[in-house]
There are 2 protein chains.
Amino acid sequence: MYPKQHIVGAEGDPNCESWKYSIEVNNAGTWYSIPRPCIEFVREYINTGGYLADSRSAAAFSLTFARSVKVGEGKGMDAWIFDVDETLLSNMPYYKATGFGTEPYNETSYNEWVETGLAPALPATLSVYKWVKKLGFKIFILTGRPTSLAAITQQNLIDAGYSGWEKLILRGPEDEGKKATVYKSEKRAEIVKQGYTIQGNTGDQWSDLIGYAVSKRSFKLPNPMYYVP
Amino acid sequence: MYPKQHIVGAEGDPNCESWKYSIEVNNAGTWYSIPRPCIEFVREYINTGGYLADSRSAAAFSLTFARSVKVGEGKGMDAWIFDVDETLLSNMPYYKATGFGTEPYNETSYNEWVETGLAPALPATLSVYKWVKKLGFKIFILTGRPTSLAAITQQNLIDAGYSGWEKLILRGPEDEGKKATVYKSEKRAEIVKQGYTIQGNTGDQWSDLIGYAVSKRSFKLPNPMYYVP
(Lines give C-alpha, C1' and ligand atoms only; values in the text may rest on other atoms or scores of the structure.)
Protein backbone atom coordinates (compact mmCIF):
# COMPACT_ATOMS: atom_id res chain seq x y z
CA MET A 1 0.00 0.00 0.00
CA TYR A 2 1.23 3.44 -0.88
CA PRO A 3 0.57 6.37 1.44
CA LYS A 4 -2.41 8.43 0.32
CA GLN A 5 -0.45 10.93 -1.76
CA HIS A 6 1.05 8.09 -3.76
CA ILE A 7 -2.24 6.97 -5.26
CA VAL A 8 -2.24 7.80 -8.97
CA GLY A 9 -5.70 8.63 -10.19
CA ALA A 10 -8.66 6.45 -9.28
CA GLU A 11 -8.01 3.24 -7.38
CA GLY A 12 -4.29 3.52 -7.90
CA ASP A 13 -4.53 3.57 -11.72
CA PRO A 14 -0.86 3.98 -12.66
CA ASN A 15 -1.40 6.15 -15.73
CA CYS A 16 1.46 8.59 -15.33
CA GLU A 17 0.66 10.57 -18.48
CA SER A 18 -2.74 11.32 -16.97
CA TRP A 19 -1.23 12.06 -13.58
CA LYS A 20 0.97 14.66 -15.31
CA TYR A 21 -2.11 16.04 -17.04
CA SER A 22 -3.93 16.35 -13.70
CA ILE A 23 -1.14 18.08 -11.83
CA GLU A 24 -0.40 20.48 -14.68
CA VAL A 25 -4.00 21.67 -15.08
CA ASN A 26 -4.31 21.89 -11.27
CA ASN A 27 -6.93 19.15 -10.96
CA ALA A 28 -4.82 17.33 -8.40
CA GLY A 29 -4.75 20.12 -5.83
CA THR A 30 -2.04 19.88 -3.21
CA TRP A 31 0.36 16.96 -3.69
CA TYR A 32 3.49 16.12 -1.76
CA SER A 33 5.64 13.86 -3.87
CA ILE A 34 5.69 12.08 -7.21
CA PRO A 35 3.58 8.91 -7.04
CA ARG A 36 5.93 5.95 -6.70
CA PRO A 37 4.76 4.28 -9.94
CA CYS A 38 5.60 7.50 -11.83
CA ILE A 39 9.16 8.12 -10.67
CA GLU A 40 10.64 6.54 -13.81
CA PHE A 41 8.14 8.40 -15.96
CA VAL A 42 9.21 11.75 -14.50
CA ARG A 43 12.90 10.87 -14.78
CA GLU A 44 12.41 10.04 -18.46
CA TYR A 45 10.27 13.15 -19.08
CA ILE A 46 13.08 15.29 -17.70
CA ASN A 47 16.04 13.42 -19.15
CA THR A 48 14.77 12.83 -22.67
CA GLY A 49 13.62 16.34 -23.46
CA GLY A 50 9.88 16.32 -22.75
CA TYR A 51 10.28 18.79 -19.92
CA LEU A 52 12.36 21.18 -21.99
CA ALA A 53 9.98 20.81 -24.95
CA ASP A 54 6.98 21.76 -22.79
CA SER A 55 8.83 24.80 -21.44
CA ARG A 56 9.81 25.78 -25.01
CA SER A 57 6.18 25.52 -26.05
CA ALA A 58 5.19 27.79 -23.13
CA ALA A 59 7.91 30.21 -24.24
CA ALA A 60 6.68 30.23 -27.82
CA PHE A 61 3.14 31.17 -26.79
CA SER A 62 4.53 33.79 -24.39
CA LEU A 63 6.42 35.44 -27.22
CA THR A 64 3.44 35.37 -29.57
CA PHE A 65 1.48 37.24 -26.91
CA ALA A 66 4.32 39.61 -25.95
CA ARG A 67 4.76 40.66 -29.57
CA SER A 68 1.02 41.34 -29.86
CA VAL A 69 1.06 43.90 -27.02
CA LYS A 70 1.41 47.50 -28.11
CA VAL A 71 4.01 48.26 -25.45
CA GLY A 72 4.57 51.86 -26.50
CA GLU A 73 0.99 52.77 -25.68
CA GLY A 74 1.49 51.76 -22.05
CA LYS A 75 4.01 54.62 -21.71
CA GLY A 76 6.55 52.31 -20.11
CA MET A 77 3.99 50.88 -17.69
CA ASP A 78 3.52 47.42 -19.21
CA ALA A 79 4.78 44.85 -16.74
CA TRP A 80 5.78 41.22 -17.03
CA ILE A 81 6.26 39.09 -13.93
CA PHE A 82 8.58 36.14 -13.62
CA ASP A 83 8.88 33.66 -10.78
CA VAL A 84 12.38 32.42 -9.90
CA ASP A 85 12.61 28.70 -9.06
CA GLU A 86 11.83 26.40 -12.00
CA THR A 87 11.00 29.53 -13.99
CA LEU A 88 13.99 31.88 -14.43
CA LEU A 89 16.32 29.47 -12.66
CA SER A 90 16.34 25.70 -12.79
CA ASN A 91 17.08 23.66 -9.69
CA MET A 92 17.35 20.55 -11.81
CA PRO A 93 20.92 19.79 -10.64
CA TYR A 94 19.54 19.53 -7.10
CA TYR A 95 16.51 17.49 -8.11
CA LYS A 96 18.58 15.16 -10.25
CA ALA A 97 20.83 14.52 -7.25
CA THR A 98 17.86 13.84 -4.96
CA GLY A 99 15.75 11.57 -7.17
CA PHE A 100 13.59 14.19 -8.93
CA GLY A 101 11.48 15.22 -5.99
CA THR A 102 10.60 11.64 -5.13
CA GLU A 103 11.72 12.34 -1.60
CA PRO A 104 9.60 14.69 0.50
CA TYR A 105 10.89 18.27 0.55
CA ASN A 106 14.03 18.64 2.67
CA GLU A 107 14.42 22.29 3.61
CA THR A 108 17.99 21.99 4.87
CA SER A 109 19.52 20.33 1.83
CA TYR A 110 17.45 22.47 -0.54
CA ASN A 111 18.61 25.68 1.14
CA GLU A 112 22.22 24.48 0.98
CA TRP A 113 21.80 24.07 -2.77
CA VAL A 114 20.15 27.48 -3.20
CA GLU A 115 22.95 29.15 -1.26
CA THR A 116 25.55 27.83 -3.69
CA GLY A 117 24.02 30.26 -6.21
CA LEU A 118 24.80 27.82 -8.99
CA ALA A 119 21.33 27.30 -10.46
CA PRO A 120 21.41 27.59 -14.25
CA ALA A 121 18.80 29.44 -16.29
CA LEU A 122 15.85 27.53 -17.68
CA PRO A 123 16.80 28.13 -21.33
CA ALA A 124 13.26 28.74 -22.65
CA THR A 125 12.57 31.37 -19.98
CA LEU A 126 15.91 33.11 -20.50
CA SER A 127 14.91 33.56 -24.11
CA VAL A 128 11.46 34.94 -23.15
CA TYR A 129 13.06 37.25 -20.59
CA LYS A 130 15.45 38.76 -23.12
CA TRP A 131 12.67 39.28 -25.64
CA VAL A 132 10.17 40.90 -23.30
CA LYS A 133 12.91 43.22 -22.00
CA LYS A 134 13.79 44.14 -25.59
CA LEU A 135 10.12 44.75 -26.38
CA GLY A 136 9.96 47.32 -23.57
CA PHE A 137 8.12 45.49 -20.80
CA LYS A 138 9.12 46.36 -17.23
CA ILE A 139 10.20 43.16 -15.52
CA PHE A 140 9.24 42.26 -11.97
CA ILE A 141 10.76 39.16 -10.43
CA LEU A 142 8.43 37.84 -7.75
CA THR A 143 9.69 34.92 -5.71
CA GLY A 144 8.69 33.03 -2.59
CA ARG A 145 12.36 33.01 -1.53
CA PRO A 146 12.91 34.94 1.73
CA THR A 147 14.70 38.31 1.81
CA SER A 148 17.61 36.58 3.57
CA LEU A 149 18.39 35.08 0.15
CA ALA A 150 18.23 38.41 -1.70
CA ALA A 151 21.96 38.76 -2.35
CA ILE A 152 22.60 35.20 -3.48
CA THR A 153 19.44 35.22 -5.64
CA GLN A 154 20.45 38.45 -7.35
CA GLN A 155 23.95 37.15 -8.01
CA ASN A 156 22.64 33.79 -9.25
CA LEU A 157 20.25 35.55 -11.65
CA ILE A 158 23.06 37.72 -13.02
CA ASP A 159 25.40 34.75 -13.39
CA ALA A 160 22.64 32.86 -15.24
CA GLY A 161 22.31 35.68 -17.78
CA TYR A 162 19.52 37.90 -16.42
CA SER A 163 19.79 41.66 -16.05
CA GLY A 164 17.80 44.88 -16.25
CA TRP A 165 14.82 43.99 -14.10
CA GLU A 166 12.74 46.71 -12.46
CA LYS A 167 12.47 45.03 -9.09
CA LEU A 168 13.27 41.74 -7.40
CA ILE A 169 10.57 41.04 -4.80
CA LEU A 170 11.26 38.50 -2.08
CA ARG A 171 9.15 37.28 0.84
CA GLY A 172 9.70 39.65 3.75
CA PRO A 173 9.06 39.08 7.47
CA GLU A 174 5.55 40.54 7.00
CA ASP A 175 4.80 37.81 4.42
CA GLU A 176 5.77 34.89 6.62
CA GLY A 177 3.17 32.17 6.89
CA LYS A 178 1.13 33.51 3.98
CA LYS A 179 0.14 31.09 1.27
CA ALA A 180 2.03 31.75 -1.96
CA THR A 181 -1.21 32.69 -3.76
CA VAL A 182 -1.98 35.38 -1.17
CA TYR A 183 1.57 36.73 -0.93
CA LYS A 184 1.94 36.94 -4.69
CA SER A 185 -1.51 38.48 -5.23
CA GLU A 186 -0.70 41.17 -2.65
CA LYS A 187 2.58 41.98 -4.38
CA ARG A 188 0.91 42.09 -7.79
CA ALA A 189 -1.76 44.42 -6.40
CA GLU A 190 1.04 46.78 -5.27
CA ILE A 191 2.48 46.75 -8.79
CA VAL A 192 -0.94 47.56 -10.24
CA LYS A 193 -1.39 50.33 -7.67
CA GLN A 194 1.81 51.91 -8.97
CA GLY A 195 0.11 52.26 -12.33
CA TYR A 196 1.48 49.23 -14.16
CA THR A 197 -0.59 46.97 -16.37
CA ILE A 198 0.48 43.39 -15.74
CA GLN A 199 0.44 41.94 -19.22
CA GLY A 200 2.24 38.65 -18.75
CA ASN A 201 3.09 36.38 -15.84
CA THR A 202 5.35 33.36 -16.11
CA GLY A 203 5.59 30.75 -13.38
CA ASP A 204 5.75 27.01 -12.80
CA GLN A 205 3.09 26.97 -10.05
CA TRP A 206 -0.58 27.89 -10.25
CA SER A 207 0.01 29.83 -7.03
CA ASP A 208 2.25 32.13 -9.11
CA LEU A 209 -0.61 32.87 -11.48
CA ILE A 210 -4.00 32.83 -9.74
CA GLY A 211 -5.64 34.90 -6.99
CA TYR A 212 -6.23 38.59 -7.68
CA ALA A 213 -4.45 41.36 -9.59
CA VAL A 214 -3.81 38.68 -12.18
CA SER A 215 -2.06 39.27 -15.47
CA LYS A 216 -3.82 39.54 -18.80
CA ARG A 217 -2.16 36.32 -19.90
CA SER A 218 -0.37 33.81 -17.73
CA PHE A 219 2.07 31.11 -18.75
CA LYS A 220 2.33 27.91 -16.74
CA LEU A 221 5.67 26.19 -17.00
CA PRO A 222 5.77 22.45 -16.31
CA ASN A 223 6.76 21.17 -12.90
CA PRO A 224 6.24 17.49 -12.20
CA MET A 225 8.55 17.60 -9.18
CA TYR A 226 6.80 19.64 -6.53
CA TYR A 227 3.69 21.66 -5.71
CA VAL A 228 3.54 24.99 -3.85
CA PRO A 229 0.02 25.73 -2.51
CA MET B 1 3.03 27.69 -45.03
CA TYR B 2 0.27 27.07 -42.57
CA PRO B 3 -2.12 29.85 -41.60
CA LYS B 4 -1.06 31.49 -38.35
CA GLN B 5 -3.20 29.36 -36.07
CA HIS B 6 -1.60 26.24 -37.49
CA ILE B 7 1.84 27.03 -36.16
CA VAL B 8 2.73 24.57 -33.41
CA GLY B 9 4.92 26.16 -30.77
CA ALA B 10 7.92 28.22 -31.77
CA GLU B 11 8.87 28.43 -35.43
CA GLY B 12 6.47 25.65 -36.31
CA ASP B 13 8.07 23.10 -33.97
CA PRO B 14 5.77 20.12 -34.51
CA ASN B 15 5.87 18.79 -30.96
CA CYS B 16 2.26 17.79 -30.51
CA GLU B 17 2.68 16.53 -26.94
CA SER B 18 3.85 20.01 -26.01
CA TRP B 19 1.09 21.64 -28.03
CA LYS B 20 -1.40 19.58 -25.99
CA TYR B 21 0.39 20.69 -22.82
CA SER B 22 0.13 24.34 -23.85
CA ILE B 23 -3.55 24.28 -24.76
CA GLU B 24 -4.53 22.34 -21.65
CA VAL B 25 -2.78 24.68 -19.20
CA ASN B 26 -4.16 27.66 -21.16
CA ASN B 27 -0.78 28.94 -22.32
CA ALA B 28 -1.95 28.97 -25.90
CA GLY B 29 -4.78 31.45 -25.43
CA THR B 30 -7.39 31.50 -28.16
CA TRP B 31 -6.88 28.89 -30.89
CA TYR B 32 -9.12 28.02 -33.80
CA SER B 33 -8.26 24.55 -35.02
CA ILE B 34 -5.88 21.70 -34.36
CA PRO B 35 -2.49 22.43 -35.94
CA ARG B 36 -2.24 20.43 -39.14
CA PRO B 37 0.86 18.45 -38.01
CA CYS B 38 -1.08 17.34 -34.91
CA ILE B 39 -4.26 15.99 -36.48
CA GLU B 40 -3.01 12.40 -36.34
CA PHE B 41 -1.77 12.93 -32.80
CA VAL B 42 -5.21 14.09 -31.65
CA ARG B 43 -6.95 11.25 -33.51
CA GLU B 44 -4.71 8.75 -31.76
CA TYR B 45 -5.09 10.44 -28.37
CA ILE B 46 -8.85 10.11 -28.69
CA ASN B 47 -9.04 6.69 -30.31
CA THR B 48 -6.50 4.86 -28.20
CA GLY B 49 -7.72 5.89 -24.79
CA GLY B 50 -5.51 8.83 -23.80
CA TYR B 51 -8.46 11.21 -23.83
CA LEU B 52 -10.60 8.95 -21.69
CA ALA B 53 -7.69 8.28 -19.32
CA ASP B 54 -7.15 12.02 -18.77
CA SER B 55 -10.85 12.50 -18.07
CA ARG B 56 -10.79 9.54 -15.65
CA SER B 57 -7.85 11.10 -13.86
CA ALA B 58 -9.77 14.39 -13.56
CA ALA B 59 -12.73 12.40 -12.21
CA ALA B 60 -10.59 10.64 -9.64
CA PHE B 61 -9.25 13.90 -8.24
CA SER B 62 -12.79 15.36 -8.28
CA LEU B 63 -14.04 12.50 -6.15
CA THR B 64 -11.16 12.74 -3.70
CA PHE B 65 -12.08 16.38 -3.18
CA ALA B 66 -15.86 15.78 -3.11
CA ARG B 67 -15.48 13.14 -0.40
CA SER B 68 -13.35 15.54 1.66
CA VAL B 69 -16.11 18.18 1.83
CA LYS B 70 -18.29 18.04 4.94
CA VAL B 71 -21.49 18.45 2.93
CA GLY B 72 -23.83 18.16 5.93
CA GLU B 73 -22.37 21.31 7.45
CA GLY B 74 -23.40 23.34 4.41
CA LYS B 75 -27.06 22.63 5.31
CA GLY B 76 -27.84 21.58 1.76
CA MET B 77 -26.13 24.64 0.29
CA ASP B 78 -23.00 23.03 -1.12
CA ALA B 79 -23.07 23.35 -4.90
CA TRP B 80 -21.24 21.62 -7.71
CA ILE B 81 -21.33 23.03 -11.23
CA PHE B 82 -21.05 21.02 -14.41
CA ASP B 83 -20.70 22.27 -17.96
CA VAL B 84 -22.52 20.30 -20.70
CA ASP B 85 -20.55 19.88 -23.93
CA GLU B 86 -17.43 17.71 -23.58
CA THR B 87 -18.18 17.59 -19.84
CA LEU B 88 -21.51 15.88 -19.04
CA LEU B 89 -22.12 15.05 -22.69
CA SER B 90 -19.63 14.04 -25.32
CA ASN B 91 -19.96 15.29 -28.88
CA MET B 92 -17.31 12.83 -29.99
CA PRO B 93 -19.61 11.17 -32.56
CA TYR B 94 -19.87 14.54 -34.29
CA TYR B 95 -16.16 15.31 -34.02
CA LYS B 96 -15.19 11.84 -35.23
CA ALA B 97 -17.37 12.38 -38.28
CA THR B 98 -15.84 15.80 -38.99
CA GLY B 99 -12.16 15.06 -38.54
CA PHE B 100 -11.78 15.83 -34.82
CA GLY B 101 -12.15 19.55 -35.01
CA THR B 102 -9.58 19.89 -37.74
CA GLU B 103 -12.10 21.86 -39.73
CA PRO B 104 -13.03 25.32 -38.46
CA TYR B 105 -16.24 25.38 -36.41
CA ASN B 106 -19.35 24.95 -38.58
CA GLU B 107 -22.33 26.25 -36.66
CA THR B 108 -24.97 24.74 -38.94
CA SER B 109 -23.76 21.16 -38.94
CA TYR B 110 -22.88 21.33 -35.24
CA ASN B 111 -26.38 22.55 -34.34
CA GLU B 112 -27.91 19.78 -36.46
CA TRP B 113 -25.94 17.27 -34.42
CA VAL B 114 -26.92 18.85 -31.09
CA GLU B 115 -30.57 18.83 -32.09
CA THR B 116 -30.51 15.06 -32.59
CA GLY B 117 -30.15 14.84 -28.79
CA LEU B 118 -28.01 11.74 -29.21
CA ALA B 119 -24.83 12.84 -27.41
CA PRO B 120 -23.64 10.12 -25.03
CA ALA B 121 -22.38 10.81 -21.52
CA LEU B 122 -18.66 11.29 -20.98
CA PRO B 123 -18.30 8.19 -18.76
CA ALA B 124 -15.89 9.69 -16.22
CA THR B 125 -18.15 12.70 -15.62
CA LEU B 126 -21.28 10.56 -15.33
CA SER B 127 -19.55 8.73 -12.53
CA VAL B 128 -18.55 12.00 -10.80
CA TYR B 129 -22.09 13.35 -11.22
CA LYS B 130 -23.69 10.34 -9.58
CA TRP B 131 -21.24 10.48 -6.69
CA VAL B 132 -21.55 14.18 -5.94
CA LYS B 133 -25.35 13.87 -6.05
CA LYS B 134 -25.16 10.93 -3.64
CA LEU B 135 -22.87 12.92 -1.36
CA GLY B 136 -25.51 15.66 -1.10
CA PHE B 137 -24.15 18.42 -3.33
CA LYS B 138 -26.71 20.53 -5.16
CA ILE B 139 -25.99 20.28 -8.86
CA PHE B 140 -26.10 23.25 -11.23
CA ILE B 141 -25.66 22.61 -14.92
CA LEU B 142 -24.26 25.74 -16.57
CA THR B 143 -23.97 25.68 -20.32
CA GLY B 144 -23.26 28.12 -23.13
CA ARG B 145 -26.06 26.49 -25.13
CA PRO B 146 -28.90 28.93 -25.88
CA THR B 147 -32.31 28.64 -24.19
CA SER B 148 -33.76 27.57 -27.55
CA LEU B 149 -31.99 24.25 -26.91
CA ALA B 150 -33.37 23.84 -23.38
CA ALA B 151 -35.81 21.00 -24.15
CA ILE B 152 -33.45 18.91 -26.30
CA THR B 153 -30.60 19.45 -23.85
CA GLN B 154 -32.71 18.34 -20.91
CA GLN B 155 -33.90 15.25 -22.77
CA ASN B 156 -30.39 14.42 -23.95
CA LEU B 157 -29.07 14.68 -20.39
CA ILE B 158 -31.81 12.37 -19.09
CA ASP B 159 -31.25 9.87 -21.90
CA ALA B 160 -27.52 9.89 -21.14
CA GLY B 161 -28.19 8.96 -17.52
CA TYR B 162 -28.32 12.28 -15.66
CA SER B 163 -31.09 13.27 -13.25
CA GLY B 164 -31.82 15.22 -10.10
CA TRP B 165 -30.10 18.49 -10.86
CA GLU B 166 -31.12 21.67 -9.07
CA LYS B 167 -31.11 23.88 -12.14
CA LEU B 168 -30.13 23.78 -15.79
CA ILE B 169 -28.89 27.23 -16.79
CA LEU B 170 -28.70 28.13 -20.48
CA ARG B 171 -27.63 31.30 -22.25
CA GLY B 172 -30.65 33.60 -22.47
CA PRO B 173 -31.24 36.56 -24.81
CA GLU B 174 -29.70 38.87 -22.16
CA ASP B 175 -26.46 36.84 -22.33
CA GLU B 176 -26.02 37.08 -26.08
CA GLY B 177 -22.63 38.32 -27.20
CA LYS B 178 -21.08 37.89 -23.76
CA LYS B 179 -17.83 36.00 -23.54
CA ALA B 180 -18.29 32.61 -21.90
CA THR B 181 -16.09 33.65 -18.94
CA VAL B 182 -18.32 36.66 -18.24
CA TYR B 183 -21.63 34.86 -18.75
CA LYS B 184 -20.58 31.95 -16.54
CA SER B 185 -19.11 34.20 -13.82
CA GLU B 186 -22.39 36.16 -13.69
CA LYS B 187 -24.42 32.98 -13.35
CA ARG B 188 -22.10 31.63 -10.64
CA ALA B 189 -22.40 34.94 -8.78
CA GLU B 190 -26.20 34.49 -8.78
CA ILE B 191 -25.80 31.01 -7.30
CA VAL B 192 -23.52 32.40 -4.59
CA LYS B 193 -26.01 35.21 -3.92
CA GLN B 194 -28.67 32.57 -3.25
CA GLY B 195 -26.52 31.34 -0.38
CA TYR B 196 -24.74 28.41 -1.99
CA THR B 197 -21.07 27.63 -1.56
CA ILE B 198 -19.67 26.54 -4.90
CA GLN B 199 -17.38 23.72 -3.89
CA GLY B 200 -16.60 22.07 -7.21
CA ASN B 201 -16.76 23.06 -10.86
CA THR B 202 -16.17 20.66 -13.72
CA GLY B 203 -15.64 21.85 -17.29
CA ASP B 204 -13.54 21.26 -20.38
CA GLN B 205 -12.82 24.96 -21.02
CA TRP B 206 -10.92 27.42 -18.85
CA SER B 207 -13.80 29.83 -19.55
CA ASP B 208 -15.98 27.42 -17.52
CA LEU B 209 -13.69 27.76 -14.53
CA ILE B 210 -12.09 31.21 -14.30
CA GLY B 211 -13.40 34.75 -13.80
CA TYR B 212 -15.17 35.53 -10.52
CA ALA B 213 -17.43 33.66 -8.09
CA VAL B 214 -15.11 30.75 -8.75
CA SER B 215 -15.41 27.38 -7.06
CA LYS B 216 -13.18 26.21 -4.24
CA ARG B 217 -11.75 23.56 -6.56
CA SER B 218 -12.10 23.33 -10.29
CA PHE B 219 -11.54 20.38 -12.56
CA LYS B 220 -10.39 20.88 -16.13
CA LEU B 221 -11.36 18.08 -18.49
CA PRO B 222 -9.25 17.63 -21.60
CA ASN B 223 -10.34 19.11 -24.89
CA PRO B 224 -7.88 19.07 -27.77
CA MET B 225 -10.63 19.76 -30.30
CA TYR B 226 -11.79 23.30 -29.74
CA TYR B 227 -11.39 26.40 -27.59
CA VAL B 228 -14.15 28.64 -26.22
CA PRO B 229 -12.84 32.05 -25.14
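By convention here, each chain's residues receive numbers from 1 onward along its written sequence. Chains and ligands are labelled sequentially in the order written, the chains with letters from A and the ligands with numbers from 1. Under the rules for a predicted model, residues below a pLDDT of 70 receive no local features and side-chain atom pairs below 80 are neither given nor counted, while totals for whole chains, interfaces and linings still include all residues. To obtain the side-chain values, all non-hydrogen atoms of the structure were included, while hydrogens and water were left out.

Whenever I open this one, helix H2 (residues 39–47) of chain A confuses me. Can you help?
For an α-helix, 3.6 residues make a turn, and residues three or four places apart therefore share a direction. Residues and elements named next belong to chain A. Listed in full, the buried residues belonging to H2 are Val 42, Tyr 45 and Ile 46. All buried residues of H2 project into a common sector of 95° when viewed along the axis, lining one side. On the buried face of H2, the contacting elements are helix H1 (16–24), helix H3 (50–68) and helix H4 (92–97). Each helix is a run of DSSP H or I of at least 4 residues and each strand a run of E of at least 2, with the numbering of both proceeding from the N terminus. Backbone geometry just downstream of H2 places Gly 49 in the positive-phi region, at approximately 100°. Residue exposure (1.4 Å probe, protein chains only): buried if accessible area is under 20% of the type maximum, exposed if over 50%, otherwise partly exposed. To be clear, the arc concerns the directions from the helix axis to the C-beta atoms. Note on contacts: a residue pair qualifies if any of its non-hydrogen atoms lie within 4.5 Å across the two residues.

Quick question: what am I supposed to make of the pairing of strand S4 (residues 197–203) of chain A here?
All names here are of chain A. Burial within S4 is extensive, with six of its seven residues counted as buried. At least two bridges found by DSSP between two strands is the condition for calling them paired. Of the pairings in the sheet, the one linking strand S1 (residues 78–82) to S4 comprises five bridges and is parallel in character. In the strand pairing of S4, Ala 79 is matched with Ile 198. Note that S4 and strand S5 (residues 217–220) share four bridges and pair parallel. Bridge pairing in S5 links Gly 203 to Lys 220.

Hey, could you run me through the interface of chain B and chain A in this one?
Where interface size is quoted, it is often the accessible area lost as the parts come together. Contact residues are listed per partner, giving 28 residues for chain B and 28 residues for chain A. Contact between chain B and chain A buries roughly 2300 Å² in total, counting both sides, with carbon and sulfur atoms accounting for 53%. In this description, buried area is defined as the sum, over both parts, of the accessible area (probe of 1.4 Å) that is lost when the two are combined. Per-residue buried area on chain B facing chain A is highest for Tyr21(B), Asn27(B) and Phe61(B); these three make up 28% of the total on that side. In the sections that follow, a salt bridge refers to a side-chain nitrogen of Lys or Arg positioned within 4 Å of a carboxyl oxygen of Asp or Glu. Taken together, chain B and chain A are joined by zero salt bridges. By the criterion applied in these results, polar contacts are pairs of N or O atoms within 3.5 Å in which, for protein atoms, one can donate a hydrogen and the other can accept it, and in which residues neighboring in sequence qualify only through two side-chain atoms. Here chain B and chain A share 16 residue pairs in polar contact (both at pLDDT 80 or more) between them. Mapped by element, the contributors of at least two residues to the side of chain B that touches chain A are helix H1 (16–24), helix H3 (50–68) and strand S5 (217–220) of chain B. No other element matches the seven residues that H1(B) contributes to the side of chain B that touches chain A. Charged residues are taken to be Asp, Glu, Lys and Arg, nonpolar residues to be Ala, Val, Leu, Ile, Met, Phe, Trp, Tyr, Cys and Pro, and polar residues to be all remaining types, Gly included. Class assignment for the residues of the side of chain B that touches chain A results in 13 nonpolar, nine polar and six charged.

Quick question: what am I supposed to make of unusual backbone geometry here?
A negative phi holds for most residues other than glycine; trans holds for most peptide bonds. In this model, Ala213(A) sits at a positive phi of 50°, which is unusual for a non-glycine residue. Of note, Ala213(A) is situated in the loop between helix H9 (206–209) and S5.

Is there a simple way to think about the pattern of salt bridges in this case?
Opposite charge on two side chains permits pairing when their charged atoms draw close. Following the criterion strictly, the structure yields 22 salt bridges over all chains and no others. Here Asp175(A) ties to Lys178(A) by a salt bridge, and the two come within 3.3 Å at their closest N and O atoms. You can call Lys178(A) partly exposed: its relative accessible area is 26%. With a closest N to O distance of 2.7 Å, Arg145(B) and Asp85(B) form a salt bridge. With Arg145(B) in strand S2 (residues 138–146) and Asp85(B) in the loop between strand S1 (78–82) and helix H4 (92–97), this pair connects stretches of sequence that are 60 residues apart. What makes Arg145(B) buried here is its relative accessible area of 6%. On the basis of relative accessible area, Asp85(B) is assigned to the buried category, the value being 12%. Residues joined in a network through salt bridges with shared partners are Glu174(A), Asp175(A), Lys178(A), Glu186(A), Lys187(A) and Glu190(A).

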